[in-house]
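# Summary of the model geometry
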Amino acid sequence: MNGLDAQVAALLRQVAHEAVMPRYRNLRDSEIIEKATDDLVTVADREAEKMLSEGLADIMPQAAVVGEEAAFADATVLKRLSGLCWIIDPIDGTSNFASGSGHFALMVALAEAGEAQAGWIYDPRRGRMCTATRGAGAHIAGERFQSRPSGHAPPTLAAMTRYMTSGQRSVFEREIAPRYTLVSAPGCAAEQYPLTAFGEHDIAIYERTLAWDHAAGALFLNEAGGKCARQDGSAYRVDSDRKGMIAAATPPIWEEFVSRLDRSGYRPGD
């Protein structure tokens, strides 16, 4: 996997340098499009996905490609998620990128039979490359990394409550939030997963679990020794349309939080 890891990392850096960063804080209004309510795409997203798709196809021609923008344009692309495939989020945190503030990153995962096998998260502003390979650990800039808790009491919790239903939000605000130290979610899974692993946020709760947002990050956190799984404990699959997932810096923190969710009556997708 080392040769593959280096090729994909080099491609991500190239695409960030050529297609993404030249447009950071340099976008015209016409280059920012609301493709759905509260869901933006920019000319940089589209160019980066095209470059990544072509580059990854050269690296591993036998793997299909599933890009976020390609799947939005043609939902049948999602059928490729059950086989050997590359999964691309050309810019995770597009709203942050478009506004010129907040966090964003490029993400790629390699999946097979519905499970992520390798993942890359590249933050071009920091020049930070987070990588993971199933069964071989998580790395930052090539150095092995171990997830750690924040040490806060009560533990820190980040939640994108705007994706919750009114019923979920009511239970969350009444039964869950008062028992944790709430922290602001960055609006970018590519930043949220490292924050959880780095000991900044102990727990993150997700409702939307699209493959391009979570394949690389969930693998990174699990390989770093944290835990990311569905509320019922089952593993995340990139080819599933289920909702809801919990990420935590350590398995014990995950277990305690999920136990509280279960007792409160909170259910994903309700």
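In this report, the structure presented in the accompanying data block is examined. (Residues numbered from 1 in each chain as written. Predicted model: local features only at pLDDT ≥ 70, side-chain atom pairs only at ≥ 80, totals over all residues. Heavy atoms only, no water.)

### Focus: the pairing of strand S5 (residues 105-112)
The element S5 is extensively covered by neighbouring structure, given that 7 of its 8 residues are classed as buried. Pairing analysis gives 6 bridges linking strand S4 (residues 85-92) to S5, with the strands arranged antiparallel. Across the sheet, Ile88 pairs through a bridge with Val108, a residue of S5. Judged from the 7 bridges that link them, S5 and strand S6 (residues 115-123) form a sheet pairing that is antiparallel. Looking at S6, one finds that Leu110 is bridged to Ala118. In textbook terms, the turn of a hairpin is the stretch between consecutive antiparallel strands, and for S5 and S6 this stretch comprises 2 residues, one of which, Ala113, has a positive phi near 55°. (Buried < 20%, exposed > 50% of the residue type's maximum accessible area, 1.4 Å probe, protein only. Helix = DSSP H or I, 4+ residues; strand = E, 2+ residues; numbered from the N terminus. Pairing = 2+ DSSP bridges.)

### Considerations on the packing of helix H1 (residues 2-20) against helix H2 (residues 43-59)
Running from N to C, H1 and H2 cross one another at 155°; their axes reach a closest spacing of 10 Å. When the axis of H1 is compared with that of H2, the two are roughly antiparallel. Seen along the crossing, H1 lies across H2 with a hand that is right-handed. Contacts from Leu4, Gln7, Val8, Leu11, Leu12, Gln14, Val15, Glu18, Ala19 and Val20 of H1 reach H2 at Ala44, Glu47, Ala48, Met51, Leu52, Gly55, Leu56 and Ile59. Among the residues making up the contact of H1 with H2, the classes are represented as 13 nonpolar, 3 polar and 2 charged. (Axes fitted to C-alpha atoms, helices over the stretch in contact; angles between N-to-C directions. Parallel < 35°, antiparallel > 145°, perpendicular 65-115°, else oblique. Left-handed = near helix turned anticlockwise from the far one by under 90°. Contact = heavy atoms within 4.5 Å. Nonpolar A, V, L, I, M, F, W, Y, C, P; charged D, E, K, R; others polar.)

### Quick word on the sheet that holds strand S14 (residues 245-248)
If you trace the 5 strands from one edge of the open sheet to the other, you get S11-S10-S12-S14-S13, paired in mixed fashion. Strands with a single pairing partner mark the edges of an open sheet, and in this sheet they are strand S11 (181-183) and strand S13 (227-229). When strand polarity is set aside, the average angle formed by the axes of neighbouring strands in this sheet is 20°. In this structure, S13 lies alongside S14, joined through 3 bridges in antiparallel fashion. Following the sheet pairing, Ala229 is matched in S14 by Ile246. In the packing of helix H7 (residues 211-223) onto the sheet, the strands contacted are strand S12 (203-206), S13 and S14, and the crossing angle to S13 comes to about 140°.

### What to know about the pairing of S14
Of the two faces of S14, the one carrying Met245 and Ala247 and the one carrying Ile246 and Ala248 are both buried. Here S12 runs beside S14; their pairing, made up of 4 bridges, is antiparallel. Each bridged residue has a counterpart across the sheet, and for Ala204 the counterpart in S14 is Ala247.

### What about the sheet that holds strand S7 (residues 128-133)?
The strand order across the open sheet formed by 7 strands is S3-S4-S5-S6-S7-S8-S9, and the pairing between neighbours is mixed. Looking at the sheet topology across the chains shown, the edges are occupied by strand S3 (64-67) and strand S9 (143-145). With direction set aside, neighbouring strand axes in the sheet form an average angle of 20°. H1 rests against S4, S5, S6 and S7 of the sheet, and its axis sits at about 40° to S6. Contacting S3, S4 and S5, H2 crosses the sheet at an angle of about 155° to S4.

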